[in-house]
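What follows is each chain in one-letter form.
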Amino acid sequence: MPRVLVPIAEGFEEIEAISIVDVLRRAGIEVIMGTLNENLLVKGAHGISVQADCPIKNYSVDDFDMIVLPGGWGGTKALASDSTLQTFLQSMDAQGKNIGAICAAPYALYTAGVLKEGYTCYPSVEEQIETAGYRGDADAVVESGNIMTSRGPGTAICFGLAIVKKLVGDESYASLRSGLLADYCASL
């Protein structure tokens, strides 16, 4: 089964991180929640603390099939300024591995130089990104090459399902979408 890294930093958007991790694990995908430092208990943007698995420095790009960044402006700023994570993103992109980001997190892809033309993000975050091709609310999930982006908390389950579809196929995606009562994600 595929293995996905979900890095979280203080100020991350809880709905996005937990929804993505939950949906992927329901599909049988191994998910590692990583931190930027040794502190494994990370407080989200709305005061909910989450226990991560391990610092990202303990892993290499070869350990994962995909990396997915949750949003939240505080967490995104930390991800965008962390040299270890930025190098990780650049290495993933250089190997053509899948990269995902939701809400404000496409900004961290932009700072790493891996965001492709044709993306979406939380409204107003695009003003911080100088990459062309912002798609606004045209789609809940946008794919451009090896990069997947999504809009925010309300699209987190659909984003997780789109990742499932990409990594383990249509059958798992359809079954999980049905079980989650997420038929509103059917246009993926």
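From a predicted model like this one, the values you see are computed outputs, not experimental measurements. (Residues numbered from 1 in each chain as written. Predicted model: local features only at pLDDT ≥ 70, side-chain atom pairs only at ≥ 80, totals over all residues. Heavy atoms only, no water.)

Quick notes on the side chain of Thr 76
Applicable threshold: We count a stretch as a helix when DSSP gives it H or I for four or more residues in a row; a strand needs E for two or more, and each element gets its number in order from the N terminus. Two N or O atoms count as a polar contact when they lie within 3.5 Å, although within protein this holds only if one can serve as hydrogen donor and the other as acceptor, and sequence-adjacent residues are included solely when both atoms are side-chain atoms. The contact definition used throughout considers only heavy atoms, calling two residues in contact when any of these lie within 4.5 Å.
Within the element layout of this structure, Thr 76 appears in helix α2 (residues 73–81). A polar side-chain atom of Thr 76 sits 3.4 Å from the main-chain amide nitrogen of Ala 105. Beyond its immediate sequence surroundings of up to four residues, Thr 76 is in contact with Pro 70, Gly 71, Ala 104, Ala 105, Tyr 107 and Ala 108.

Some remarks on the sheet that holds strand β2 (residues 30–35)
As a reminder, the rule being used: Strands are treated as partners if at least two bridges between them are detected by DSSP. Lines fitted to the C-alpha atoms define the axes, with helices restricted to the stretch that makes contact. Angles between their N-to-C directions range from 0 to 180 degrees.
Taking strand neighbours across the sheet as the criterion, the seven strands line up as β5-β2-β1-β6-β7-β9-β8 in an open arrangement whose pairing is mixed. Strands at the two margins of the open sheet, each flanked by one partner only, are β5 (54–55) and β8 (141–144). Packing against the sheet, helix α1 (residues 14–26) makes contact with β1 (3–8), β2, β6 (66–69) and β7 (98–102), and its axis sits at approximately 155° to β2.

With respect to the packing of α1 against helix α5 (residues 156–168)
Where we set the bar: Here is the rule for handedness: rotate from the far helix to the near one, and if that takes an anticlockwise turn smaller than a right angle the crossing is left-handed, while a clockwise turn gives right-handed. Residues are sorted three ways: Asp, Glu, Lys and Arg are charged, Ala, Val, Leu, Ile, Met, Phe, Trp, Tyr, Cys and Pro are nonpolar, and all the rest, Gly among them, are polar.
At a minimum axis separation of 8 Å, α1 and α5 run at an interaxial angle of 35°. Considering only the axes of α1 and α5, their crossing is right-handed. In this structure, α1 contributes Ile 15, Glu 16, Ser 19, Ile 20, Val 23 and Leu 24 to the contact, and α5 contributes Ala 156, Ile 157, Phe 159, Gly 160, Leu 161, Ile 163 and Val 164. In the contact of α1 with α5, the residues fall into 10 nonpolar, two polar and one charged.

What about the pairing of β6?
In regular strands, side chains alternate between the two faces of the sheet. Where we set the bar: Note on exposure labels: buried denotes an accessible area under 20% of the residue type's maximum, exposed denotes more than 50%, and partly exposed covers the range between, all computed with a 1.4 Å probe on protein chains only.
Of the two faces of β6, the one holding Met 66 and Val 68 and the one holding Ile 67 and Leu 69 are both buried throughout. In this structure, β1 lies alongside β6, joined through two bridges in parallel fashion. Of the residues in β6, the one forming a bridge with Val 4 is Met 66. In the sheet, β6 pairs with β7 via four bridges, with the strands oriented parallel. Bridge assignment links Ile 67 to a residue of β7, and that residue is Ile 99.

Section: the pattern of salt bridges
Applicable threshold: Every case where a carboxyl oxygen of Asp or Glu lies within 4 Å of a side-chain nitrogen of Lys or Arg is listed as a salt bridge.
Per the counting criterion, the structure on display carries eight salt bridges. Of the charged contacts, one joins Lys 116 and Asp 93 as a salt bridge, the two residues approaching to 2.6 Å between their closest N and O atoms. Of this pair, Lys 116 sits in the loop between α4 (106–112) and β8 while Asp 93 sits in helix α3 (residues 83–94), placing them 23 residues apart in sequence. You can call Lys 116 partly exposed: its relative accessible area is 25%. Between Lys 166 and Glu 143 there is a salt bridge whose closest N-O contact spans 2.8 Å. A residue pair is termed long-range when its members are at least 10 positions apart, and Lys 166 in helix α5 and Glu 143 in strand β8 qualify at 23 residues. Judged by its relative accessible area of 31%, Lys 166 is partly exposed.

Focus: the state of the cysteines
What counts is decided by this rule: Disulfides are defined as cysteine sulfur pairs within 2.5 Å.
Summed over all chains, the structure comprises one disulfide. The disulfide partner of Cys 158 is Cys 185, and the S-S distance across this bridge is 2.0 Å. The sign of the S-S torsion, about -80°, decides the handedness of the disulfide formed by Cys 158 and Cys 185: left-handed. Of this pair, Cys 158 sits in helix α5 while Cys 185 sits in the segment after α6 (170–179), placing them 27 residues apart in sequence.

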